[in-house]
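Spelled out, the chains give:
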Amino acid sequence: MRIGELARRTGVTTRALRYYEEQNLLTAERSTGGQRHYEEAAVDRIRLIRQLYAAGLSSKTIAELTPCVVDGKATPELLERLATERDHLARHIADLTHTRDRLESVIAGASSNLRTGAACRPDPTA
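This write-up is about the structure you can find in this document. (Residues numbered from 1 in each chain as written. Predicted model: local features only at pLDDT ≥ 70, side-chain atom pairs only at ≥ 80, totals over all residues. Heavy atoms only, no water.)

1. Considerations on the side chain of Thr-10
1) Next: Looking at the element boundaries, Thr-10 is found in helix α1 (residues 3-10).
2) Next: With residues near it in sequence (within four places) discarded, Thr-10 still touches Val-43, Ile-46 and Arg-50. (Helix = DSSP H or I, 4+ residues; strand = E, 2+ residues; numbered from the N terminus. Contact = heavy atoms within 4.5 Å.)

Written out as structure tokens, the structure reads:
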């Protein structure tokens, strides 16, 4: 498929797809006229790249980890790197969960105060 079709199917811009190529995250065959042509598997590859970016990984890290994630090819060093990234994500999720719980506490307190007419003072120890 051509770059416009891949962009449409994945929801990313053609500029982003060219950037992914520059970062060695994606490859394309070239026609004799120089147009990019992607395999069907590129759709899933883009989804993976976007998930990894959303998780906070850099393009360099994604390029290093992709062979293991996509093909299952791994070295002990690469497996260690994957474990490190997983642990980082777990810490981030725990932090986000704590923040969400804190907001829930503030919302519950503020809602209660609205019903009783009391001033809104969140519990600083929550």
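More follows now that the structure is in view.
2. A word on the layout of surface pockets
In this approach a probe as big as a water molecule rolls over the atoms, and the regions it shows empty are the leftover space.
1) Next: Space inside the largest pocket adds up to approximately 260 Å³.
2) Next: Along the wall of the largest pocket there are 16 residues; nearest its centre are Leu-26, Thr-27, Ala-28, Glu-39 and Arg-45.
3) Next: Residue assignment for the lining of the largest pocket shows that the elements contributing at least two residues are α3 (41-54) and α4 (59-71).
4) Next: A total of four residues in the lining of the largest pocket trace back to one element, the largest contributor, which is α4. (1 Å grid on protein atoms, 1.4 Å probe; cavity = no way out; pocket = protein on both sides within 12 Å on 5 of 7 lines; lining within 4 Å. Points joined across faces, edges and corners; volume = space filled by probe spheres on them.)

3. Regarding the pattern of salt bridges
1) Next: Throughout the structure, instances matching the rule amount to eight salt bridges.
2) Next: Of the charged contacts in the structure, one is a salt bridge between Glu-5 and Arg-8, with a shortest N-O distance of 2.8 Å. Remark: Arg-8 and Glu-5 occur in helix α1; sequence separation between them is three residues, near one turn of the helix.
3) Next: Given a relative accessible area of 31%, Glu-5 falls into the partly exposed group.
4) Next: For Arg-8, a relative accessible area of 59% gives the class exposed.
5) Next: Where Arg-9 meets Glu-40, a salt bridge forms, and the shortest distance between an N and an O atom there is 2.4 Å. Of the two residues, Arg-9 sits in helix α1 while Glu-40 sits in the loop between β2 (36-37) and α3, which places them 31 residues apart along the sequence.
6) Next: Classification of Arg-9 by relative accessible area gives partly exposed; the value is 31%.
7) Next: Judged by its relative accessible area of 49%, Glu-40 is partly exposed.
8) Next: The network of salt bridges with shared partners includes Glu-64, Arg-81 and Glu-85. (Salt bridge = Lys/Arg side-chain N within 4 Å of Asp/Glu carboxyl O. Buried < 20%, exposed > 50% of the residue type's maximum accessible area, 1.4 Å probe, protein only.)

4. Regarding the side chain of Ser-59
1) Next: Note that Ser-59 resides in helix α4.
2) Next: Judged by relative accessible area, Ser-59 falls into the buried class, the value being 11%.
3) Next: Ignoring anything within four residues of it in the chain, the contact list for Ser-59 reads Tyr-19, Gln-23, Leu-25 and Tyr-53.

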